[in-house]
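Chain residues, written in single-letter form:
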Amino acid sequence: MQLIGNLSESIVALMIFAVPIVAIIGGITAGIVKTMSQGRVIENAQRERIAAIQAGIDPARLPPVPSLGDLGAGAENLENPELAARRLSQGLMIGGTVTLFAGIGLGLFLWLVNEDGRAWAVGLMPGFVGVALLISSFLVRPPSRA
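Computed from a prediction, not measured in an experiment: that's the story for all the values here. (Residues numbered from 1 in each chain as written. Predicted model: local features only at pLDDT ≥ 70, side-chain atom pairs only at ≥ 80, totals over all residues. Heavy atoms only, no water.)

A. Summary view of the overall build of the protein. Across its full length, the protein carries 5 helices and 0 strands. Reading the protein from its N end, one meets helices and strands in the order α-α-α-α-α. Excluding contacts between residues fewer than 6 apart, the proportion of contacts in the protein whose partners are at least 24 apart in sequence is 58%. Of the roughly 11300 Å² of accessible surface on the protein, a fraction of 71% belongs to carbon and sulfur atoms. (Helix = DSSP H or I, 4+ residues; strand = E, 2+ residues; numbered from the N terminus. Contact = heavy atoms within 4.5 Å. Areas by Shrake-Rupley, 256 points an atom, 1.4 Å probe, with all protein chains shown as cover.)

This is the structure:
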């Protein structure tokens, strides 16, 4: 019986580290997939352009081949810094709201599940991170034009 108790504690300890590891690996994988798909879009555009030139279409009439900067979300940010600041503010607000409520939910969950009643404080950390993100979203928000 003691062996099962130790085994379950070891599994819980491993699961605590599994969540951030999976998140990091998922983020890296998403970046790799995005870069590969952007490269594939550029490659297909180049092939279409070559096929059109071989078919006798004037290259000056063809649209330009997209670059990686054109496909990314940051291309329009160079042209309109106010739009970039508004998007940054909105992203911080969304992240702050999600993180704040995740902290509240985690705290409530641990308060209901744990018998000693002090584990709810674990939810304070993501809750305060969410509040910090919400404050920063208000700080970087561009002034509204009346």
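B. Representation of helix α4 (residues 81-113). Helix length check: α4 (33 residues) gives 47 Å between terminal C-alpha atoms against 48 Å at 1.5 Å per residue, within 8%. Those residues of α4 that sit buried are A84, S89, L92, G96, L100, G103 and G107. (Expected span 1.5 Å × (residues − 1). Buried < 20%, exposed > 50% of the residue type's maximum accessible area, 1.4 Å probe, protein only.)

C. Region of the structure containing the side chain of S89. Tracing the sequence through the fold places S89 in helix α4. Once residues within four sequence positions are removed from consideration, S89 is found in contact with S137, V140 and R141.

D. Spatial organisation of the pattern of salt bridges. Tallying each qualifying case throughout the model produces 2 salt bridges. The partner of R47 in a salt bridge is E43, with the nearest N and O atoms 2.8 Å apart. Taken together, the residues R47 and E43, both in helix α1 (residues 2-54) and 4 residues apart, mark about one turn of the helix. Relative accessible area serves as the criterion here: at 35%, E43 is assigned to the partly exposed category. (Salt bridge = Lys/Arg side-chain N within 4 Å of Asp/Glu carboxyl O.)

E. Representation of helix α5 (residues 124-140) in the model. The end-to-end C-alpha distance of α5 is 24 Å, a good match for the 24 Å that 17 residues give at a rise of 1.5 Å each. Of the positions making up α5, those classed as buried are G127, G130, L134 and S137. Along the long axis of α5, the arc covered by the buried residues comes to 80 degrees, so they all point the same way. With respect to the buried face of α5, the exposed residues turned more than 90 degrees away are M125, F128 and L139. Summarising the contacts, the buried residues of α5 are in contact with α4. (Arc of directions from axis to C-beta.)

F. Here's a closer look at the packing of α4 against α5. Where α4 contacts α5, the axes come no closer than 7 Å and their chain directions differ by 160 degrees. Here α5 runs roughly antiparallel to α4, going by the angle between their axes. The way α4 lies across α5 gives a crossing that is left-handed. On α5, the residues touching A85, L88, S89, L92, M93, G95, G96, T97, T99, L100, G103 and L106 of α4 are P126, G127, V129, G130, V131, L133, L134, S136, S137, F138 and V140. Along the lines of polarity and charge, the residues of the contact of α4 with α5 split into 13 nonpolar, 10 polar and no charged. (Axes fitted to C-alpha atoms, helices over the stretch in contact; angles between N-to-C directions. Parallel < 35°, antiparallel > 145°, perpendicular 65-115°, else oblique. Left-handed = near helix turned anticlockwise from the far one by under 90°. Nonpolar A, V, L, I, M, F, W, Y, C, P; charged D, E, K, R; others polar.)

G. Layout of the confidence of the model for the protein. Across the protein, the average pLDDT comes to 81, with 84% of residues at 70 or higher. No element of the protein has a lower mean pLDDT than helix α3 (residues 75-79), at 57, and none a higher one than α5, at 89. (pLDDT = per-residue confidence, 0-100.)

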